[in-house]
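Given next are the chains, with one letter for each unit.
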Amino acid sequence: MNALIISAVLGVVMMFSGILLKQKSAIRTVAIAGILVLLGMSILDLKGIQLFSIDTREMIVFDHFALVFNTVIFAVVLLYLLLSAPDMEKVGVNYAEYFALIFFILCGAALVTSFKSLLILFLGIEIISIPLYILTGSDKRNLKGNEAALKYFLLGSFSTGLMLMGIALLYGARASFSTVISPAIIPQNMSLLYAGMILLLFAMAFKVSAAPFHFWTPDVYDGAPTVFTSFMATIVKVVVFFGFIRLFDDMFEPQQGQWRLWVTVITAVTLFIGNITAVFQQSVKRMLAYSSIAQAGFMLFALYAMSGDGKEGLMLYTVAYSAATIGIFAVLARMSDYTFDGFNGLAKSQPMVAATLTVFLLSLAGIPLTAGFMAKFYMLKAALGTPGSLWLVIFAVIMAAVSVYYYFRVIQAMYFKEPGDTPHPAFPSFFKGMLLVLAFLVILLGVYPELLLGRLYF
Amino acid sequence: MIAFLLILIPLATGLLSFLIREEKTAKAFAFLASLATLAVSLLGLTLMNSESNLQFIAPWMSSLGSSFALKIDGMGQVLCLLTAIAYPLTFLGTWQASPKNANRFFGLMLLAQAGMMGVFLANDALLFYFCWELALIPMYFLASQWGGEKRIAVTFKFFVYTFLGSLLMLIGILYLQSQTPDHSFGLSAFYKLKIPASEQLWLFWLFFVAFAIKMPLFPFHTWQPDTYEQAPTATTMILSGVMVKMGLLGLIRWLMPVLPLASFQWGDVVMILAVIGIIYASLVAIRQDDLKRLIAYSSIAHISLMAAALFAENLSGTQGVMIQLFNHGVNIIGLWIIVEIIERRYGTRKISELGGLAQQAPVMTIFFVVIALANIALPLTNGFAGEFLMFNGLLSAQSNFKVVFTVLAGLGIILAAVYTLNMIRKTFYGEAVSLRVPVTELKLNEQLALGLIVVIILWLGIYPQSMLELTDSFSKEWFSKIDVSYLFRK
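Just so it is clear, the model here is predicted, and its values are computed rather than measured.

About the cut-offs
Residues numbered from 1 in each chain as written. Chains lettered and ligands numbered in written order. Predicted model: local features only at pLDDT ≥ 70, side-chain atom pairs only at ≥ 80, totals over all residues. Heavy atoms only, no water. Helix = DSSP H or I, 4+ residues; strand = E, 2+ residues; numbered from the N terminus. Rg over C-alpha atoms; globule rule 2.2 N^0.38 Å. Buried < 20%, exposed > 50% of the residue type's maximum accessible area, 1.4 Å probe, protein only. Contact = heavy atoms within 4.5 Å. Areas by Shrake-Rupley, 256 points an atom, 1.4 Å probe, with all protein chains shown as cover. Lys, Arg positive; Asp, Glu negative; His and termini not counted. Charge placed at Lys NZ, Arg CZ, Asp CG, Glu CD. Polar contact = N/O pair within 3.5 Å; in protein donor to acceptor, adjacent residues only side chain to side chain. Salt bridge = Lys/Arg side-chain N within 4 Å of Asp/Glu carboxyl O. Axes fitted to C-alpha atoms, helices over the stretch in contact; angles between N-to-C directions. Parallel < 35°, antiparallel > 145°, perpendicular 65-115°, else oblique. Left-handed = near helix turned anticlockwise from the far one by under 90°. Nonpolar A, V, L, I, M, F, W, Y, C, P; charged D, E, K, R; others polar. Buried area = accessible area lost by both parts, 1.4 Å probe. Patch = residues over 30% accessible without salt bridge, like charges linked within 9 Å, V, L, I, M, F, W, Y side chains within 5 Å. Phe/Tyr/Trp six-rings, centres within 6.5 Å; stacked < 30°, edge-to-face > 60°. Expected span 1.5 Å × (residues − 1). Domains from an automatic or database assignment. pLDDT = per-residue confidence, 0-100. Disulfide = S-S within 2.5 Å.

**A few points about the overall build of chain B**
Here comes step 1: In terms of regular secondary structure, chain B is built from 21 helices and 2 strands.
Here comes step 2: Against the compact-globule benchmark of 23 Å for 490 residues, chain B has a radius of gyration of 22 Å, which places it among compact chains.
Here comes step 3: Relative to its 490 residues, chain B shows a buried fraction of 65%.
Here comes step 4: Within chain B, contacts between residues at least 6 apart in sequence are counted, and of these 83% link residues at least 24 apart.
Here comes step 5: Only carbon and sulfur atoms are counted for the fraction: they give 66% of the accessible area of chain B, which is about 17000 Å².
Here comes step 6: Side-chain charges of chain B comprise 30 positive and 26 negative groups, with the mean position of each set lying 3 Å from the other.

Below, the structure is given as structure tokens:
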């Protein structure tokens, strides 16, 4: 509960800091201090110290798992801000507003991870989405950005409509918004329930960019300013994933037989489309957009399996995937050339940056000793625990082998090709240090995943 | 402790090597590091071969049911010794080659050694899988950065092939782990499993494909000749001499004893693949003009024969494979050293452009002839003992088609003699070609490396017992695990 209220307050604080503070570095410092406070509040909550006690009538319940997840998310946001906050200056003039929007998104994230009512889920998703529409179009002079924002807004509203329809149908079937299954709530009309469930499934699949609801993703990720693409593709995506799984775990467990087939198809199609299309990209940014679809395919295994292993896998995925992707996007945001050729010979001019990028790419590809491997490992383990899933798992690893193709293209460009005419940008030493921290984190969790997973149970 | 040191020394020295600035220092450092590993390996073989020294267990990922468990058994001794000897030989034999960024080159080489040692020693499936990949990554970078013209595409193919195979193996490992009563990745837990035959039949292929790609067996071999040709010679030596043994070790330790029924059932299929590989690779080798490619294809034939002998499932064949694991590695490194010397001195590896080397370099010729004869298993060379045992094993296999397999595999030996002797005739005898560089005889380091290899060849050719005793009890124990003949005795 601490984080929910503090993040909303911090959003307002950031808006005023834009008026009061003239220096951009001061605004940045306030934002980083803010996220530190948020992180601290979340940890306090984990220790059982709650600053606010509000009766939400069981509509919001911060259980242990949600609190751990929130803490991890805030830590990732901290890393993201430390690494990428200076790059936001290049986007436009409203520096403080960007941070305000990010804090509002985090407020939505706190709702999406803790809802026990469909209304709260809807609120959370919308509080996340609307600032995202703005961030996507925040570079006002960029036509591609404008197009992306409009596309995102139109398609996003459409999926919101689907979601509301689904919620309405579910209310019709159960006469309650609560996601908890209790003897007091007996579904009256099963066909209404199924229809609502499928609509919710589609709406959530849209938000996590699972195929065949992924069509907005490449254009939006490509058009949005790179710093915000990074935020969207990592933090927002895993938060919505968490909500997705929480919803189906709480509410639709008895109907598992009905929705598992849908999820199987969505998983397989997502893995296929994400990986195969990524192979053909020429721009690293677009490749990462498709890669994020492909990784969503793997995250869907957590939903598919709906087991302890799957949740542990999602937790690891959150850190592994976010840390690696944030690192790559941060470097990409400073590159002048977004094509694969733009990375040619980076290892010669920037050996340190190239080495950390290699760690991130290996992690995304799922090579052992990186966190990405352990995350995929847990997902495969969870899926194998479900009877009759062998073919899906084999399909997934074949797709993982395909993914090596596009991740390694960057490595090949950096190490084995001669540099082109345009010189590579210089990277400040603090930035390099942060990259090292991220790479260290990726390797640490690859060797000792228990550091994170151990926190889940006590 | 010995087991742990065998991984720790190359790992630590490999990482340290990245910090060295001087090119010459890096080379000397790597050589000393490899000697240290060799010394430890020899200690484990002789003075400190007590159980406690050869085992190492530390907690690691215990919540998953995994642990950092290493153990040197009979086969482990042979393979660790091979890995430990291969590195000094490689460094010594290629001392003149000076790669750019030597510190990174030697660092990656040593890291690959750590990975391979891990594969040979791991007694835990997850650790095995980790090391399996760790050995691959440095090799990928080595071959892609310091290799020939087409290196990027070729080594990438190699990487994707192996990676896909290993992922399939991961599924297999995960499935087996879920079947163990206490959800453990330990090797002993896997050995205790009694998987129903119907499940063994498909599980077999998840593992087999991974190992077959690594060895490589027909039809998974297509990456191999290109990679051997394009990789820098020192890397090729390690790839062909040591790394291919990872596939065979996988079969011996992780596949056949765990899934004995399937191994028996699919034995004929594997034999057919192996025999096709022997004949096909030998025929292609005859047509090769490039020395590197010729040796690459010859290696496919040899490895295929070893796979066939394994699936003969008897003691003689197994012992033959054990000794051949070592012999093949040493012999092929010897061949590469000479190819490297020829290429550097004469500027070409094409057989058609070479000739009459015997007049100009008699000492090299003697070395080469001895190693080449060992490669085709002439009596009194190390290859003979191994191949004799393997053919003996093939002939007493359970299969209905054992005679056909043995005859066809034997044909491979004749073909091997054809291409090897043909190569010697064309390259070392015949008319001398005009040279680009003035001829010099072998340098001291090359003489040392080749001399050592010849000593090993003759030693194991005359007295193979010394190696066979090492693996005797291992082979017997292994055979008792894979033996399914009780099913036929009623």
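**Comments concerning the overall build of chain A**
Here comes step 1: From N to C terminus, chain A includes 18 helices and 0 strands.
Here comes step 2: In terms of overall dimensions, chain A is globule-like: its C-alpha atoms have a radius of gyration of 21 Å, near the 23 Å expected for 458 residues.
Here comes step 3: C-alpha atoms of chain A, sized along the principal axes, occupy 70 × 55 × 45 Å.
Here comes step 4: Relative to its 458 residues, chain A shows a buried fraction of 64%.
Here comes step 5: Across chain A, the fraction of contacts at a sequence separation of at least 24, relative to all contacts at a separation of at least 6, is 82%.
Here comes step 6: Accessible area of chain A: about 16100 Å², with a carbon and sulfur share of 69%.

**Observations concerning the side chain of B:Asp290**
Residues and elements named next belong to chain B.
Here comes step 1: Residue position: Asp290 is located in the loop between helix H13 (267-286) and helix H14 (291-311).
Here comes step 2: A polar contact is formed between the side chain of Asp290 and the backbone nitrogen of Lys292, at a distance of 2.8 Å.
Here comes step 3: Not counting residues within four places of it along the chain, the set of residues in contact with Asp290 comprises Glu229 and Arg349.

**With respect to the side chain of B:Glu387**
All names here are of chain B.
Here comes step 1: If you trace the backbone, Glu387 turns up in helix H18 (residues 382-395).
Here comes step 2: No salt bridge is formed by the buried Glu387; its nearest oppositely charged neighbour, Lys245, is found at 12 Å.
Here comes step 3: With residues up to four places along the chain from it excluded, the contact list for Glu387 reads His302, Leu305, Gln324, Ala377 and Ile413.

**Points about the pattern of salt bridges**
Here comes step 1: Summed over all chains, the structure comprises 24 salt bridges over all chains.
Here comes step 2: Between A:Asp222 and A:Arg286 there is a salt bridge whose closest N-O contact spans 3.1 Å. With A:Asp222 in helix H8 (residues 216-223) and A:Arg286 in helix H11 (residues 284-305), this pair connects stretches of sequence that are 64 residues apart.
Here comes step 3: On the basis of relative accessibility, which here comes to 12%, the residue A:Asp222 falls in the buried class.
Here comes step 4: In this structure, B:Glu229 and B:Arg293 form a salt bridge, with 2.5 Å as the shortest nitrogen-oxygen distance.

**Observations concerning the packing of helix H6 (residues 143-174) of chain A against helix H7 (residues 190-207) of chain A**
Residue and element names in this part refer to chain A.
Here comes step 1: Closest axis-to-axis distance for the H6/H7 pair is 8 Å, and the angle between their directions is 155 degrees. By the criterion of interaxial angle, the relationship of H6 to H7 is roughly antiparallel. Seen from above, H6 lies across H7 with left-handed handedness.
Here comes step 2: A class-by-class count of the residues in the contact of H6 with H7 yields 18 nonpolar, 6 polar and 2 charged.

**Concerning the interface of chain A and chain B**
Here comes step 1: Contacts between the two partners involve 34 residues from chain A, matched on the other side by 34 residues from chain B.
Here comes step 2: Across the chain A/chain B interface, buried area totals approximately 2900 Å², and carbon plus sulfur atoms make up 82% of it.
Here comes step 3: Seen at the junction of chain A and chain B, the total is 3 residue pairs in polar contact (both at pLDDT 80 or more).
Here comes step 4: Of all the secondary structure elements, the ones that give two or more residues to the side of chain A that touches chain B are helix H14 (351-365), helix H15 (371-384), helix H16 (390-416) and helix H17 (429-447) of chain A.
Here comes step 5: In terms of residues, the side of chain A that touches chain B owes the most to one element, H16(A), which gives 14 residues.

**Examining a nonpolar patch on the surface**
Here comes step 1: Residues B:Leu380, B:Val455, B:Leu458, B:Trp459, B:Ile462 and B:Tyr463 make up a contiguous nonpolar surface patch of roughly 640 Å² in combined accessible area.
Here comes step 2: Position of B:Trp459 among the secondary structure elements: in helix H20 (residues 444-462).

**Brief notes about the environment of A:Thr71**
Residues and elements named next belong to chain A.
Here comes step 1: Tracing the chain through its elements places Thr71 in helix H3 (residues 64-84).
Here comes step 2: Judged by its relative accessible area of 11%, Thr71 falls in the buried class.
Here comes step 3: For the pair Thr71 and Leu155, spaced 84 residues apart in the sequence, the C-alpha separation amounts to 31 Å.
Here comes step 4: Discounting residues that sit within four places of it in the chain, Thr71 has contacts with Leu39, Ser42, Ile43 and Leu46.

**Some remarks on the packing of aromatic side chains**
By convention here, two paired aromatic rings are described through the distance between centres and the angle between planes.
Here comes step 1: With the rule as written, the count across this model stands at 69 aromatic pairs over all chains.
Here comes step 2: On the basis of an interplanar angle of 35 degrees and a centroid distance of 5.4 Å, the ring pair of A:Phe206 and A:Trp216 is categorised as tilted. Here the residue A:Phe206 occupies a position in helix H7, and A:Trp216 occupies one in helix H8, the gap between them amounting to 10 residues. The pair A:Phe206 / A:Trp216 is uniform in exposure class, with both members buried.
Here comes step 3: With a centroid separation of 5.5 Å and an interplanar angle of 65 degrees, the aromatic rings of B:Trp132 and B:Phe211 are classed as edge-to-face. Of this pair, B:Trp132 sits in helix H6 (residues 125-146) while B:Phe211 sits in helix H9 (residues 197-214), and the two are 79 residues apart along the sequence.

**Focus: H3(A)**
One full turn of an α-helix is made of 3.6 residues, so residues set three or four places apart face in the same direction.
Here comes step 1: Given a rise of 1.5 Å per residue, 21 residues ought to cover 30 Å, and the 30 Å separating the end C-alpha atoms of H3(A) matches this to within 8%.
Here comes step 2: Where burial is concerned, most of H3(A) is hidden: 17 out of the 21 residues are buried.

**Some points on the domain arrangement of chain B**
For an interface, size is often stated in terms of accessible area lost upon the parts coming together.
Residue and element names in this part refer to chain B.
Here comes step 1: What the domain assignment lists for chain B is domain 1 (1-265) and domain 2 (267-490).
Here comes step 2: Taking only C-alpha atoms into account, the centre of domain 1 sits 21 Å from that of domain 2.
Here comes step 3: Together domain 1 and domain 2 conceal approximately 4800 Å² of surface at their shared face, both sides included; 76% is due to carbon and sulfur atoms.
Here comes step 4: Looking only at domain 1, the three residues that lose the most surface to domain 2 are Leu89, Phe218 and Phe264, adding up to 14% of its buried area.
Here comes step 5: A salt bridge links Glu229 to Arg349; its shortest N-O distance comes to 3.7 Å.
Here comes step 6: Listed by contribution, the elements that provide at least two residues to the side of domain 1 that touches domain 2 are helix H4 (74-93), H9, helix H10 (223-230), helix H11 (233-255) and helix H12 (260-265).
Here comes step 7: Of all the elements, H4 adds the most residues to the side of domain 1 that touches domain 2, at 13 residues.
Here comes step 8: Tallied by class, residues from the side of domain 1 that touches domain 2 come to 35 nonpolar, 14 polar and 4 charged.

**Re the confidence of the model for chain B**
Here comes step 1: Per-residue pLDDT for chain B averages 87, and the proportion of residues at 70 or more is 98%.
Here comes step 2: Element-level mean pLDDT values for chain B span from 78 in helix H16 (residues 357-360) of chain B up to 92 in helix H5 (residues 102-121) of chain B.

**Overview of the environment of A:Val279**
Residues and elements named next belong to chain A.
Here comes step 1: With respect to the secondary-structure elements, Val279 resides in helix H10 (residues 256-279).
Here comes step 2: For Val279, a relative accessible area of 18% corresponds to the buried category.
Here comes step 3: Between the C-alpha atom of Val279 and that of Val402, which follows or precedes it by 123 residues, the distance is 7.9 Å.

**Things to note about the confidence of the model for chain A**
Here comes step 1: Looking at chain A, the pLDDT average stands at 90 and 100% of residues meet or exceed 70.
Here comes step 2: Helix H5 (residues 118-136) of chain A holds the highest mean pLDDT among the elements of chain A, 94, whereas helix H18 (residues 450-453) of chain A holds the lowest, 84.

**Overview of unusual backbone geometry**
Here comes step 1: A:Pro212 follows A:Ala211 through a cis peptide bond whose omega is 0 degrees.
Here comes step 2: Here A:Pro212 lies in the loop between H7 and H8.
Here comes step 3: Cis peptide bonds are those with omega within 30 degrees of zero, and the linkage from B:Met215 to B:Pro216 qualifies with -10 degrees.
Here comes step 4: Within the secondary structure layout, B:Pro216 lies in the loop between H9 and H10.
Here comes step 5: Phi at A:Glu58 takes a positive value of approximately 65 degrees, unusual for a residue other than glycine.
Here comes step 6: Along the chain, A:Glu58 falls in the loop between helix H2 (24-46) and H3.
Here comes step 7: Overall, A:Glu58 belongs to the exposed group, its relative accessible area being 61%.

**Concerning the state of the cysteines**
Residues and elements named next belong to chain B.
Here comes step 1: One pass over the full model with this rule turns up 0 disulfides over all chains.
Here comes step 2: The closest cysteine sulfur to the non-disulfide-bonded Cys80 is located on Cys131, 11 Å from its own sulfur.
Here comes step 3: In this structure Cys80 comes out as buried when scored by relative accessible area, which is 2%.

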